[in-house]
Amino acid sequence: MLDILFPKVCPSCGEVPLGREEICRICLEEIRFINNWEFCAKCGVPFGYYNSQEQGEDFDIVPQKADNLCGKCVKGTYSFDKARSIAIYEGTIRDMIISFKYEGKIGYAEALLDIITANFPDDLDEFDCVVPVPLHLDKLRLREYNQSVILAGGIAKRLGVMCDLFGLRKTRDTIPQIGIRDESERRRNVKGAFSAAEDGRFKDRSVLLVDDVFTTGSTSDECSKMLLKSGAYKVQVLTLTRARAM
Ligand SMILES: [Zn+2]
Ligand SMILES: [Zn+2]
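For the structure given in this document, a descriptive report is provided here. Numbers given to residues run from 1 along each chain, matching the order in which its sequence is written. All chains are assigned letters beginning with A, and all ligands numbers beginning with 1, in the order in which they are written. Reporting in this predicted model follows two pLDDT cut-offs: at least 70 for local features of residues, and 80 or more for side-chain atom pairs to be given and counted; totals over whole chains, interfaces and linings ignore these cut-offs and use all residues. Think of the side-chain values as coming from all heavy atoms in the structure, minus any hydrogens and water.

1. What to know about the packing of helix 4 (residues 91–102) against helix 5 (residues 108–118)
Following both chains from N to C, one finds helix 4 and helix 5 inclined at 140°, their axes separated by 10 Å at the closest point. Relative to helix 5, helix 4 is oriented oblique. Judged by the twist between their axes, the crossing of helix 4 over helix 5 is left-handed. Of helix 5, the residues touching helix 4 (which contributes I93, M96, S99 and F100) are Y108, A109, A111, L112 and I115. Class assignment for the residues of the contact of helix 4 with helix 5 results in eight nonpolar, one polar and no charged. Only C-alpha atoms enter the line fits that serve as axes; for helices the fit covers just the stretch in contact. Angles between N-to-C directions range over 0 to 180 degrees. Strands here are runs of E lasting at least two residues and helices are runs of H or I lasting at least four, both read from the DSSP assignment and numbered beginning at the N terminus. Note on terminology: angles under 35 degrees are roughly parallel, angles over 145 are roughly antiparallel, angles of 65 to 115 are roughly perpendicular, and the others are oblique. The handedness criterion is simple: a crossing whose near helix is rotated anticlockwise from the far helix by less than a right angle is left-handed, and one whose near helix is rotated clockwise is right-handed. Residues are treated as being in contact if the distance between any of their heavy atoms lies within 4.5 Å. All residues other than Ala, Val, Leu, Ile, Met, Phe, Trp, Tyr, Cys, Pro, Asp, Glu, Lys and Arg, Gly among them, are scored as polar; the first ten of these are nonpolar and the last four charged.

Quick look at the structure:
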């Protein structure tokens, strides 16, 4: 009844979907899934993505090295074992994430989780627990919920794995990474901003770190360092989307 009075509109185009889906079929078809491209074996960046001039243009599928690592991973930039993302941060999925994150559209969580589980990367190694990238308490008070907690919790529940919501904490508030262009600035911004529980809970554990967007990987890397420091033997990263580094 409520659906008839207040029909759900597609978060991307504003049309009323035909079925019961949150997101209309046309917009769903526009989502660009990363597993359709060749990507770096370690950080998961689709090859050619950073070089493409405009959004909407297809990527050049050119692995930069025979071992399928991007230039950054050849240099050993990241402390995590592997990072994977489901889709490119653009269009439909970007609209949904923005609404989910900043406009209180918590109802989009299920639709986003459906997208994640239907396209779950098949080359992630086994993990013992799922850990969300935390928000600082001040931000949590403002937004009332952490989108990464909801995604991590949903993934854990669907996969039947433990989710540790409090193992990683954000101890210092930071400027949103999205507003910082320079990569070394981004690294500085998050350096020392997280801490992982030192009570042994991560000892000899393989952790899946979950977030909504991966851009330069500075946040994922900083969180991974803390988890490894507190005893995890492996950290893999899963983000719903991958944004172009500016
Ligand atoms: Zn739509
Ligand atoms: Zn890489």
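2. Description of the nonpolar core
Soluble globular proteins tend to bury their nonpolar side chains together. To qualify as a nonpolar core, a set must consist of buried Ala, Val, Leu, Ile, Met, Phe, Trp, Tyr and Cys residues joined through side-chain atoms within 4.5 Å. Whether a residue is buried, partly exposed or exposed follows from its accessible area with a 1.4 Å probe, protein chains only, as a fraction of its type maximum: under 20%, in between, or over 50%, in that order. In terms of nonpolar packing, the biggest core is built from 34 residues, with L112, I116, L151 and L240 touching the most fellow members. When contributions to this core are tallied by element, the ones reaching two or more residues are strand 1 (82–88), helix 4, helix 5, helix 7 (147–159), strand 6 (206–214) and strand 7 (234–242). Examining the composition of this core, we find that seven residues originate from one element, helix 5, more than from any other. What L240 contacts, discounting residues up to four positions off in sequence, is S85, I86, A87, I93, I97, L112, I116, L151, D211 and D212. In terms of nonpolar packing, the next biggest core, distinct from the first, is built from 28 residues, C40, C43, L69 and L168 among them.

3. What to know about the coordination of the zinc ion (ligand 2)
Each metal's donors are the N, O and S atoms within 2.8 Å of it, or within 3.2 Å when it is Na, K or Ca, and because water is not part of the set, sites may look incomplete. Within the protein, the atoms that donate to the zinc ion (ligand 2) are C40 (SG), C43 (SG), C70 (SG) and C73 (SG), at distances of 2.3 Å. Taken together, the four donor atoms coordinating the zinc ion (ligand 2) and their angles of 104 to 116° define a geometry best described as tetrahedral. Donor residues for the zinc ion (ligand 2) sit on one chain with the sequence pattern C-x2-C-x26-C-x2-C. Of this pair, C40 sits in the loop between helix 2 (25–30) and helix 3 (71–74) while C73 sits in helix 3, placing them 33 residues apart in sequence. The pair formed by C40 and C73 is uniform in burial state, with each residue classed as buried. Each label reflects the angles at the metal, where four donors whose angles all fall between 85 and 135 degrees are tetrahedral, four or six donors whose opposite pairs open beyond 155 degrees and whose other angles stay between 65 and 115 are square planar or octahedral respectively, and the rest are irregular.

Coordinates in, geometry out; function isn't part of it.
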